[in-house]
Protein chains: 2
Amino acid sequence: MHELQERIRCDGQNLGRGILKVDGFINHQVDARLMSDAGKELARRFKHLGVTKVLTAEISGIAPALTTALALDSPVIYARKSKPITMPEQVYRDTAPSHTKGKMVELLVSPEVLHATDRVLIVDDFLATGQTIAALARIVLASGATLVGIGAVIEKTFEGGRQVLSAQFDVPIESLVVIVDMGDGQIVFG
Amino acid sequence: MHELQERIRCDGQNLGRGILKVDGFINHQVDARLMSDAGKELARRFKHLGVTKVLTAEISGIAPALTTALALDSPVIYARKSKPITMPEQVYRDTAPSHTKGKMVELLVSPEVLHATDRVLIVDDFLATGQTIAALARIVLASGATLVGIGAVIEKTFEGGRQVLSAQFDVPIESLVVIVDMGDGQIVFG
């Protein structure tokens, strides 16, 4: 997605250790129009798969997952990281290491919203190590629903997430912008 | 907003102590189309005010704030509750008691995204005690930006938030669905 790649080139910052600062337009302030276009493009790539639910993890996955769901005319579920009092006792639960928080985080999805008949597209802002997306995918399988695809706004290929996910889940994986190297302060697009 | 009120009447649950369970369509699973309509309606009510930024708090404010921002063609900022490594040292910071978590939560906004020239509309899923919204409004004022309005998807008038906010901030406050009483397991609309 050319427009997004140019925005990262102009306004993204390489903070070192693989950390890409895009909080001016992706994950603190969100450029709503750009995110809507990203959602439309992800939807275009997956709509032939009969998606009934988009699934993401709070917090920064919510914006791209919502715009993708809007374009697919499907609901979106965001897995919670702590249990709200409105959630039932028994939930689908998995864990993933957080790259940016340096600890394990829980992901919780209510069985009230994810059903065995659902065809689920997972969407997240980043595909990096793939650990969060893998945990979401395990939740989909635990529910008996069908995982149909994985979409990310930005992929950092050098963290190996695509290989991790491809080895476990036989579904198409799409990302809108691919970054192949962030060494020496660079941001090298693929 | 009639459609939303009917959805709450059909699928909302009164869990007692003023807690409204709407996690099947508002704040865990999100009905994307309904949320888009809610955003369009909030945008319609505020667009004459020259909004340049929509501001909300993670997590459940993100969806309505994003759809409102889309309809206003403005960016949206979500205040973070913990500091990501991408955020600068000096940030706008305020605190509010969390109704559902039973503790104080911090709200953090980067000065990189909120400027003195901005005209800010605050949007959240609920207007209840008004404490989270008041904290966001104080952040707007601390930045030197102009607060132009406050919008909520669902207002629970019996928690008094509108009075709290009106007393401190001289801006229009709009909510799409008003609930006036949740005693005795009821959900009474205003």
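Residues numbered from 1 in each chain as written. Chains lettered and ligands numbered in written order. Predicted model: local features only at pLDDT ≥ 70, side-chain atom pairs only at ≥ 80, totals over all residues. Heavy atoms only, no water.

*Asks:* Describe in detail the relation of the copies chain A and chain B, supporting the description with residues and values.
*Replies:* The transform that puts chain A on chain B rotates by 180° and translates by 0.0 Å along the axis, for an RMSD of 0.0 Å. Accordingly, the operation relating the two chain copies is best matched by a two-fold axis. Taking the C-alpha atom as reference, chain A places A:Ile59 closest to the rotation axis, 3.2 Å from it. Comparing interface residues between copies, 100% of those in chain A also sit at the interface in chain B, which points to an isologous, same-surface contact. (Least-squares fit on C-alpha atoms with pLDDT ≥ 70 in both. Contact = heavy atoms within 4.5 Å.)

*Asks:* Please set out empty space enclosed by the protein residue by residue, giving values where relevant.
*Replies:* Residues and elements named next belong to chain A. Inspection of every chain in the model, using the stated rule, returns one cavity of 30 Å³ or more. As a volume, the largest cavity reaches approximately 30 Å³. Lining the largest cavity we find Leu 4, Phe 25, Ile 26, Val 30, Asp 31, Leu 34, Met 35, Ala 38 and Val 153. Element by element, the count of residues in the lining of the largest cavity is highest for helix α2 (residues 32–46), at three residues. Residues that form the lining of the largest cavity fall into these classes: eight nonpolar, no polar and one charged. (1 Å grid on protein atoms, 1.4 Å probe; cavity = no way out; pocket = protein on both sides within 12 Å on 5 of 7 lines; lining within 4 Å. Points joined across faces, edges and corners; volume = space filled by probe spheres on them. Helix = DSSP H or I, 4+ residues; strand = E, 2+ residues; numbered from the N terminus. Nonpolar A, V, L, I, M, F, W, Y, C, P; charged D, E, K, R; others polar.)

*Asks:* Give a description of the interface of chain A and chain B that names residues and reports values.
*Replies:* Taken together, the contacts link 44 residues of chain A with 44 residues of chain B. At the surface where chain A touches chain B, the tally comes to two salt bridges. With a shortest N-O distance of 2.7 Å, B:Lys21 and A:Glu112 are connected by a salt bridge. In this assembly, chain A and chain B are joined by 16 residue pairs in polar contact (both at pLDDT 80 or more). Mapped onto the side of chain A that touches chain B, the elements with two or more residues apiece are β2 (20–21), β3 (29–30), α2, α3 (62–72), β5 (76–79) and β7 (103–109) of chain A. It is α3(A) that provides the largest number of residues to the side of chain A that touches chain B, a total of six residues. Each residue belonging to the side of chain A that touches chain B can be placed in one class, and the counts come to 23 nonpolar, 12 polar and nine charged. Across two bridges, the pairing between β5(A) and strand β3 (residues 29–30) of chain B is antiparallel. The residue bridging A:Val76 from the neighbouring strand is B:Val30, located in β3(B). (Salt bridge = Lys/Arg side-chain N within 4 Å of Asp/Glu carboxyl O. Polar contact = N/O pair within 3.5 Å; in protein donor to acceptor, adjacent residues only side chain to side chain. Pairing = 2+ DSSP bridges.)

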